[in-house]
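Fold and contact review
Here is what each chain is made of, one letter per residue.
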Amino acid sequence: MAHSAGTAPEHQNQHTAARKALSVFGPTSRQEPLEWAGEAPLAPELARFYREVGPEWIEVDTAGLPFLFFPLERLWDEQAGYRWNRRTGAALVDWNEEWTVVAKQGSDPFILDGLTGKVLTAPGDDGWEDRLDDPEPTFDSVEEMTLALTATGGAWARWDDPFDEDWSLRRETTASVVAALESVLGGHDRAVAVARKFGYYAAV
């Protein structure tokens, strides 16, 4: 049975905050479940997310490849390469039926687990293609994920020159991203771990 998030005021506040944060980077609109083109049922969390937050095509710049959000009508197509083989269309055996890719950074997916409501990512900071273990819970909800990705993008955008003369990320750039993530996630250690997943490998 899929996890069902409540509709208490704190959830509505998360939706409002996530939509406001996303709208800095691109368009949002209310999108209804009938726009979902998937063969599997749409998770209740995603139905609410697209109604209340509603990302269209949105790109959030950061170190390395940008974070990408997709409109609901396109989301099923973005499961290719994760849920099924892109070339043959065959289902991939290591994919859980309750999982849905909800955003990407390059080939690294952010995966909503419909059973728990949490968002999973590749373990450690090796990335999806080099992972040795199953994806791990990283965010408590798709709204928290959205706030973390946009906070990272906002911190990155404040730097006209984020690199030093050796084309390494400036320590100050990485520190500002960690601080932005900490404001969303609460704990410093958690913010550092997430920053490293995002490509800020010198985060401390």
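Here's a quick rundown of the structure. These numbers were taken from a predicted model, which means no experiment stands behind them. (Residues numbered from 1 in each chain as written. Predicted model: local features only at pLDDT ≥ 70, side-chain atom pairs only at ≥ 80, totals over all residues. Heavy atoms only, no water.)

When helices and strands are counted, the chain shows six helices and six strands. Tracing the chain from N to C terminus, the helices and strands come up as α-α-β-β-α-β-β-β-β-α-α-α. Taking 17 Å as the expected radius of gyration for a compact globule of 204 residues, we find that the chain reaches 17 Å, a close match to that expectation. For the chain, the C-alpha atoms occupy an extent of roughly 50 × 40 × 25 Å along the three principal directions. The 204 residues of the chain split such that 47% are buried. The contacts in the chain between residues at least 6 apart in sequence include a share of 52% that link residues at least 24 apart. Working note: accessible area of the chain is about 10400 Å², and carbon and sulfur atoms make up 51% of it. In the chain, 18 positive and 35 negative side-chain charges are present, and the distance between their average locations comes to 3 Å. (Helix = DSSP H or I, 4+ residues; strand = E, 2+ residues; numbered from the N terminus. Rg over C-alpha atoms; globule rule 2.2 N^0.38 Å. Buried < 20%, exposed > 50% of the residue type's maximum accessible area, 1.4 Å probe, protein only. Contact = heavy atoms within 4.5 Å. Areas by Shrake-Rupley, 256 points an atom, 1.4 Å probe, with all protein chains shown as cover. Lys, Arg positive; Asp, Glu negative; His and termini not counted. Charge placed at Lys NZ, Arg CZ, Asp CG, Glu CD.)

With that out of the way, let us pick up helix α5 (residues 171-185). Between its first and last C-alpha atoms α5 spans 21 Å; for 15 residues at 1.5 Å apiece the expected length is 21 Å, and the two agree. Those residues of α5 lying buried are T173, T174, S176, V177, V178, A180, L181 and L185. Of the residues flanking the end of α5, it is G186, one or two places downstream, whose phi is positive at about 95°. (Expected span 1.5 Å × (residues − 1).)

Close contact between helix α4 (residues 142-157) and α5 brings their axes to 8 Å; oriented N to C, the two are set at 150°. Here α5 runs roughly antiparallel to α4, going by the angle between their axes. As α4 runs across α5, the sense of the crossing is right-handed. Mapping the contact onto sequence places E144, L147, A148, A151, T152, A155 and W156 in α4 and T173, S176, V177, A180, L181, V184 and L185 in α5. Of the residues assigned to the contact of α4 with α5, the class counts are ten nonpolar, three polar and one charged. (Axes fitted to C-alpha atoms, helices over the stretch in contact; angles between N-to-C directions. Parallel < 35°, antiparallel > 145°, perpendicular 65-115°, else oblique. Left-handed = near helix turned anticlockwise from the far one by under 90°. Nonpolar A, V, L, I, M, F, W, Y, C, P; charged D, E, K, R; others polar.)

On to the pairing of strand β3 (residues 99-105), then. Burial analysis of β3 places seven of its seven residues in the buried class, the great majority of the element. Inspection of the sheet shows strand β2 (residues 67-69) paired to β3 by two bridges, in the antiparallel sense. Pairing of F67 across the sheet is with Q105, part of β3. Where β3 and strand β4 (residues 108-113) come together, six bridges link them in antiparallel fashion. (Pairing = 2+ DSSP bridges.)

Here L185 lies in helix α5. Sequence spacing of L185 and R74 is 111 residues, and the spatial spacing of their C-alpha atoms is 29 Å. Other than its neighbours up to four places away in sequence, L185 contacts F139, E144, R190, A191 and V194.

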